Amino acid sequence: MRGDGLRTLAGFALALWLILPLVPLAIWSVAYGWRFPALLPPDLSTQAWAYALSPTSGVLQSLGVTVSIAASATALAALVGVPAGRALGLYRFRGRGLVILLLIAPAILPGIAVALGLHGIFLRLGLTGTVWGVILAHLVPVLPYMTLVMAAVFAGFDTDVEDQARSLGARPAQVFLHVTLPAILPGLMTGALFAFLVSWSQYLLTLSIGGGKVQTLPLVLFTFATSGRNDVTGAVSLIYILPGLLALALIARRLTGRNPALGLQVGR
Amino acid sequence: MTGRTNPVWLLLPVLLVLGGLFLAALGLTLIRSFRYMPVLGLTEPDLAAYAAVLSSPGFLASLGLSLWIALASTLLSAVLALGAALLLRQTFPGRQLIGFLFQMNLTVPHVVGAVGMLYLVSQSGAFARLAYAGGLITAPAQFPALTHDPFAIGVILLYVWKEVPFITLILLANLQSIGVDHEATARSLGATRWQAFRHVTLPMLMPGLLAASVLVFAFAFGAYEIPLLLGASSPKALPVLAWQSYTDVDLAARPEAMAMAVIIALLGVLMLLAYARLARPLAERGRHAR
């Protein structure tokens, strides 16, 4: 089929374009003395990887800090966002539209609009330069994703099963653990993936609230990129991409479904 | 029955967190933009910071640059994503792999993409090396400046790279919910493929495409680290300028930074309202479909 061939060709061009910027990063991470105009590095080396993985570079430490911050922000967002999602998904009430607008706002308003004021507040509270301060700051862009995903999940949730469990004598905690939670778990995982990735890729909020003391991976990557260590930058880039890919692989199927959260941006 | 719990209690935590962090931060920024900072002895609010910012050629150049970056990135991404979505709707060899690459792209942080783009299109990057090997140039300086350039080409390329998959996945989800029935009906009534697309499918995709475009525009307008890495040092993108004013050793520049943040926030609010308007028909359509 001629149409098939054209489509495959267009698809191939798309695929190439999608992986193209990642190729130099991968090559740089194993390159040695790769100067202009060499098309490929004259020698390969594991130096950059050895350095990136060694304690002196602080990259693995940053990986730990970044994972802890993203995981904590996600957990806190779930704690606050699941009840809110339930309210928005199950109830019609006055001011609902306004609440939704307030929830979408932090995801759309540029980070710089919030970062300066938040820095002023956290300075007074003694939260600047602390991991906790950064986690709290990340809640601002993370919460919208978690809450709106949960709102969509609860919109399709049948509360009759809770009533049945209750009428059979289950206590509220038992109802939640054995009835509600299993039903919303797949949606919660999707919300958690979005929340994690949003925190994972924060730059300006971490820079402003962390004040250089909280070194997450994007900050470390930026430092290497602007100091001309292209080989280490390549290695750190790949280390930085990996957890996102793992998270995606874990919940890959859920992303293709109709998900209102896709209406908001992932990875920022 | 859902009348047992008052939704206010369920919403209280999220409202407290967003009120205490997000709204309070915006409020403080607004107050300080009027040069009200008792700590520095400024107790008479005025509009001097706004006057200074709006009459500064540097600010206007930065505002223009950021608007250009956002507009160009959004238009290019939207058109390419529309094409990609129509392509990926069909079945052909390798379609699944491309679908996977689209999802993978979503998880790649912007800053990684930005560094990759730098190594790809800078004057000593991969494309410049290819041009040298092809005999097109004999020195890096002869390769067109695509990064740190006045038109922010590298910045725009990065956004297109990152946002095309984002918009495409939204369009694919929309196409899936629209189904093929409407298009098939149009075709059976004698419409050509182009007519069926132009008059049936495209109008139905439009709200989703526009809503996604608003999100892309807002992000491309407000991002900080990407123009810092790929953009020129003058004029700077607006968020870069605002942050540098804020961290200036001269504390007098802070109210001006706050005024810039307020102007950026106002543009953000406009985009928020546009998004809410565009997203509503989508949500309603979803409800009727059930």
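Residues numbered from 1 in each chain as written. Chains lettered and ligands numbered in written order. Predicted model: local features only at pLDDT ≥ 70, side-chain atom pairs only at ≥ 80, totals over all residues. Heavy atoms only, no water.

By the naming in an unreviewed UniProt entry, chain B is ABC transporter permease subunit, taken from Tabrizicola piscis. Heading Sequence similarities (unreviewed entry) of the UniProt record for chain B holds this comment: "Belongs to the binding-protein-dependent transport system permease family. CysTW subfamily." Per UniProt, chain B carries the Subcellular location (unreviewed entry) text "Cell membrane". (UniProt positions renumbered as here; feature names shortened; annotations may be inferred.)

If you look chain A up in an unreviewed UniProt entry, it shows as ABC transporter permease subunit from Tabrizicola piscis.

A. Spotlight on the overall build of chain B. The secondary structure content of chain B amounts to twelve helices and zero strands. Moving toward the C terminus, one meets the helices and strands of chain B in the order α-α-α-α-α-α-α-α-α-α-α-α. The principal-axis extents of the C-alpha atoms in chain B amount to approximately 75 × 75 × 30 Å. Expressed as a percentage of its 290 residues, the buried residues of chain B come to 51%. Here the analysis covers contacts within chain B between residues at least 6 apart in sequence; of these, 71% occur between residues at least 24 apart. With an accessible surface of roughly 13,100 Å², chain B has 68% of that area assigned to carbon and sulfur atoms. (Helix = DSSP H or I, 4+ residues; strand = E, 2+ residues; numbered from the N terminus. Buried < 20%, exposed > 50% of the residue type's maximum accessible area, 1.4 Å probe, protein only. Contact = heavy atoms within 4.5 Å. Areas by Shrake-Rupley, 256 points an atom, 1.4 Å probe, with all protein chains shown as cover.)

B. View of the UniProt feature "transmembrane region" (unreviewed entry) in chain A. Residue and element names in this part refer to chain A. Taking the UniProt record as the reference, the feature "transmembrane region" (unreviewed entry) is found at residues 12-34, 63-85, 97-118, 130-154, 175-198 and 232-252. Its end C-alpha atoms 35 Å apart, residues 130-154 is made of 96% helix and 0% strand. Counting secondary structure, residues 175-198 comes out at 100% helix and 0% strand; the distance between its end C-alpha atoms is 31 Å.

C. Structural detail: the UniProt feature "transmembrane region" (unreviewed entry) in chain B. Residue and element names in this part refer to chain B. What UniProt calls "transmembrane region" (unreviewed entry) maps, in this numbering, to residues 7-31, 65-88, 100-121, 151-175, 196-224 and 257-278. For residues 65-88, the end-to-end C-alpha separation is 34 Å, with 100% helix and 0% strand making up the annotated structure. Helix and strand shares over residues 100-121 are 91% and 0% respectively, and the end C-alpha atoms of the span are 25 Å apart.

D. Structural detail: the interface of chain A and chain B. Every contact between the two is made by 95 residues of chain A and, on the other side, 94 residues of chain B. Regarding the contact of chain A and chain B, the summed buried area is about 8,600 Å², with carbon and sulfur atoms giving 77% of it. Taken as a group, A:L18, A:F36 and A:L116 account for 9% of the area that chain A buries against chain B, more than any other trio of residues on that side. Remark: the boundary between chain A and chain B carries zero salt bridges. Here the side of chain A that touches chain B is composed, by residue class, of 66 nonpolar, 18 polar and eleven charged. (Buried area = accessible area lost by both parts, 1.4 Å probe. Salt bridge = Lys/Arg side-chain N within 4 Å of Asp/Glu carboxyl O. Nonpolar A, V, L, I, M, F, W, Y, C, P; charged D, E, K, R; others polar.)

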